[in-house]
Amino acid sequence: MSLSDAQISAEARLLDEAERKRTQIRQTTSVHPGMTIEDACRIQAAWLGLRLERGERLIGHKIGLTSHAMQQAMNITTPDSGFLTDAMVFSPGEGPPAGDFCDPRIEVELAFVLGCDLAGADLEIDDVLDATDYVMPAVELIAARTFRTDPNTGRTRTVIDTIADNAADAGIICGGRRVGPREVDLRWVGALAYRNGTITETGVAAGVLDHPARGIVWLARRYAAQGRTLEEGQTILAGSFTRPMPVRPGDAFGFDYGPLGAFEVEFG
């Protein structure tokens, strides 16, 4: 059976409290083992509602689980998505304290900023490119408000737990150079990621479903089925094309996107 509205609200409040207190909690499915992906989406939406009530503003969305390897690891055949608010935006240079997040990690991505609304059940990559004002390098901060692995039972969280937990999204940092959506071949945008001066991850954007815009096609179609629209001005994180890197206090990261520029983030 689906979770009741009261259960949805309670789980959203637990996740919200875990983030604000910076303390991880038990996995949602450990208490509700029969919950569905739809239940997880309802929890995520309820959590967004709490944040909007506090005065935050929705500024975009993230797409996750876009690589075949990650989908296999999570035993799922489709991406997931989460919300971005203005309180989740950070600037290059001196980043936020690592201790502000639960088990933080960082991933290399591209951010698409929409120049017009995007909606429809039959959208393709060209439609996304037509609707995009510009693309720029970005990294996503991910966090786990529920334990990735329960310290008492060893149980690992499922994709349903992750979706409820806002698809693990905790923040976004953009840097480098903005480019038009057809100014470069986005499939071949590459990045080098350095952690404390040592190269740690590399990748090309084609690792995201063979084109970084393809995840946005998926999200726009999914929203169309729900009567929702990706809106002009929103930032859409298209999905990581590197593995996530752990973030610890004092870590300094460098991200080199070649012709698209470079930027650094140092965590307190």
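Parameters at a glance
Residues numbered from 1 in each chain as written. Predicted model: local features only at pLDDT ≥ 70, side-chain atom pairs only at ≥ 80, totals over all residues. Heavy atoms only, no water. Core = buried A, V, L, I, M, F, W, Y, C linked by side-chain atoms within 4.5 Å. Buried < 20%, exposed > 50% of the residue type's maximum accessible area, 1.4 Å probe, protein only. Helix = DSSP H or I, 4+ residues; strand = E, 2+ residues; numbered from the N terminus. Contact = heavy atoms within 4.5 Å. Expected span 1.5 Å × (residues − 1). Axes fitted to C-alpha atoms, helices over the stretch in contact; angles between N-to-C directions. Parallel < 35°, antiparallel > 145°, perpendicular 65-115°, else oblique. Left-handed = near helix turned anticlockwise from the far one by under 90°. Nonpolar A, V, L, I, M, F, W, Y, C, P; charged D, E, K, R; others polar.

Right, let's get into the nonpolar core. With 47 residues, the main nonpolar core has Leu110, Phe112, Phe255 and Tyr257 as its most contacted residues. Mapped by element, the contributors of at least two residues to this core are strand E5 (105-114), helix H5 (125-131), strand E6 (132-142), strand E7 (169-174), strand E8 (190-195), helix H7 (214-225), strand E12 (252-256) and strand E13 (262-266). Not counting chain neighbours up to four residues away, the residues in contact with Phe255 comprise Ile106, Val108, Val139, Leu192, Ala193, Met245, Gly261, Ala262, Phe263 and Val265. By size, the runner-up hydrophobic cluster in this structure holds 29 residues, among which are Ile43, Leu65, Met136 and Ala164.

This next bit is on helix H3 (residues 37-53). Taking 1.5 Å of rise per residue, 17 residues should cover 24 Å, and H3 covers 24 Å from first to last C-alpha, within 8% of that figure. Of the surrounding secondary structure, the elements contacted by the buried residues of H3 are helix H1 (5-21), helix H2 (28-31), strand E1 (58-64), strand E2 (80-85), helix H6 (159-164) and H7. Gly55, located one to two residues past H3, shows a positive phi value of around 105°.

Let us now look at the packing of H1 against H3. Two elements in contact, H1 and H3, have axes separated by 8 Å at closest approach and are oriented at 60°. When the axes of H1 and H3 are compared, the pair comes out oblique. For the element pair H1 and H3, the recorded crossing hand is right-handed. Between H1 and H3, the residues in contact are Asp5, Ile8, Glu11, Ala12, Arg13, Leu15, Asp16 and Glu19 and Asp39, Arg42, Ile43, Ala46, Trp47, Leu50 and Arg51, respectively. Among the residues forming the contact of H1 with H3, the class breakdown is seven nonpolar, no polar and eight charged.

Without other data, these values stay purely geometric and don't point to any function.
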